[in-house]
Structure formats: C-alpha cells, structure tokens
Amino acid sequence: ISLEIPSMLEVMELDENDEVIYYPCYVAEIAASAFNGISVLQSVTVISEMSITIGERAFYKSSLNSVEIANATEIGAEAFMDCASLAKVMLTGVGNIEASAFENCTGLKEVVLDAMTDMPEAPTIGAKAFYNCSAMTKLDATGNWSIADDAFEGVNVPYTYVFLYDDNGVED
C-alpha cells in the first residue's frame, strides 16, 4: 500500500440553508506515532506546497521501502526508526532532521537531502539521525547543514560517494 498526502484537502460543511460550503484544509502535520508499526505501508509521498511536520515515531517500525517528502520543516525524533526495509529516502526543502530519525534503517541504500533555504539558521541533522544505516551506498546532501558528530555513525559510505554542496552547487 502506498500513501500519498496532498498539500490541501477540501472540507465540506452545510450552512444554515443546507447549502454546501467547501473550505480548504492544509495538511500541516503527520502526528506522532500516526503510522507506528503499520506493516502494509510500503511507500509514503508527501508533496506539500505548505510546510509540514513529521511527528516523533510517526512511521516507527513500519514496513516502508521508500519515502519522498517535500517542504518538511521537521522530521521528528525516531520518525522512521527501525524501518528495516526502507531503501530510499528523498527529502527536498527539508528543515531539521531530529535525533535517531532514521536510526537502524539497515536496508537504507540511498539518501537525497535538500536543505530548506528560508530558515533563520542552518537546518540540522541530529544525533544518530542515520545511525547504523549500514547498507547506505549513496548520500547526496545539498545545502548548508549543521550535522551532529554522530549523525552518520555506523554508516560506511566511501567518501567518494558523499557529495555536499553549498547553495551555489559548488562541492565543499
């Protein structure tokens, strides 16, 4: 099963004359533990025009194999922790990635990170965010990041596969 979350939903309501009124409703958050341990969920796509927050343990121990998220101001602590079958993560326009967000995603091979540019401070990749993602063979991080010393502990990506770019696309 795939989950695609749009940036806007329409909420329908009846007014006092029983006429239908539509209200735009923007998806601002995937709540903490919302899909925790769901075994049938294989992919998640969140392409939002508005900023969205992924709560703590939102997809903890789920059976995801791919994640694509745009415009997330925060990926909460342990949001995807222990998703052993997760193989590919694409985060575009992302802000902070909190502690242990992808810890023990032992099948994670490819990570693409594009930093949110309109934050007052550099977005962060927190402590043990990608700890023990031992299958990782590609890391492509674009933007100016503040990275915790142990964010990639247990990851054995050869340095030739790690590409960090500044906002002008110049390799650091």
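Scoring rules and cut-offs
Residues numbered from 1 in each chain as written. Predicted model: local features only at pLDDT ≥ 70, side-chain atom pairs only at ≥ 80, totals over all residues. Heavy atoms only, no water. Helix = DSSP H or I, 4+ residues; strand = E, 2+ residues; numbered from the N terminus. Buried < 20%, exposed > 50% of the residue type's maximum accessible area, 1.4 Å probe, protein only. Areas by Shrake-Rupley, 256 points an atom, 1.4 Å probe, with all protein chains shown as cover. Salt bridge = Lys/Arg side-chain N within 4 Å of Asp/Glu carboxyl O. Phe/Tyr/Trp six-rings, centres within 6.5 Å; stacked < 30°, edge-to-face > 60°. Contact = heavy atoms within 4.5 Å. Core = buried A, V, L, I, M, F, W, Y, C linked by side-chain atoms within 4.5 Å. Pairing = 2+ DSSP bridges.

**Q** Is there a simple way to explain the overall build of the chain in this structure?
**A** For the chain, the helix and strand inventory stands at 0 helices and 13 strands. Helices and strands in the chain line up, N terminus first, as β-β-β-β-β-β-β-β-β-β-β-β-β. In the chain, which comprises 172 residues, the proportion classed as buried is 37%. Carbon and sulfur atoms form 49% of the exposed surface of the chain, whose accessible area is close to 9000 Å².

**Q** Can you walk me through the pattern of salt bridges in this structure?
**A** Proximity of charged atoms lets side chains of opposite charge pair with each other. As enumerated under the stated definition, the model contains 2 salt bridges in all. Put simply, glutamate 110 and lysine 138 hold a salt bridge, and the shortest N to O gap is 3.6 Å. Of the two residues, glutamate 110 is situated in strand β9 (residues 110–115) and lysine 138 in strand β11 (residues 138–142); the sequence distance between them amounts to 28 residues. Relative accessible area serves as the criterion here: at 22%, glutamate 110 is assigned to the partly exposed category.

**Q** Explain the packing of aromatic side chains here, please?
**A** The relative placement of two aromatic rings is captured by the distance of their centres and the angle of their planes. For the coordinates displayed, the defined rule picks out 5 aromatic pairs. Between phenylalanine 102 and phenylalanine 130, the ring centres sit 5.0 Å apart and the planes meet at 5 degrees, which makes this aromatic pair stacked. Here phenylalanine 102 is found in the loop between β8 (96–97) and β9, whereas its partner phenylalanine 130 is found in the loop between β10 (124–125) and β11, with 28 residues between them in sequence. A relative accessible area of 0% means that phenylalanine 130 is categorised as buried.

**Q** Quick question: what am I supposed to make of the environment of alanine 79 here?
**A** Tracing the chain through its elements places alanine 79 in the loop between β6 (66–75) and β7 (88–94). The residues touching alanine 79, leaving out its near neighbours within four places in the chain, are Ile54, Gly55, Arg57, Ala58, Phe59, Tyr60 and Ala101.

**Q** Looking at this structure, how should I read the nonpolar core?
**A** The nonpolar side chains of a soluble globular protein tend to be buried with one another. Counting 41 residues, the largest nonpolar core has Ile75, Phe80, Leu86, Ile97, Phe102, Leu113 and Phe130 as its most contacted members. Of all the elements in the fold, those that place two or more residues in this core are β5 (43–54), β6, β7, β9 and β11. Apart from residues lying up to four places away in sequence, isoleucine 97 is in contact with Ile75, Leu91, Phe102, Leu113, Thr124, Ile125, Gly126, Ala129 and Trp145.

**Q** What is the right way to read the pairing of β11 from this model?
**A** Note on strand geometry: in a regular strand, side chains alternate between the two faces of the sheet. Only one face of β11 is buried: it carries Leu139 and Ala141, and the other face, with Lys138, Asp140 and Thr142, is open. Of the pairings in the sheet, the one linking β9 to β11 comprises 5 bridges and is parallel in character. Looking across to β11, one finds that valine 111 is bridged to leucine 139.

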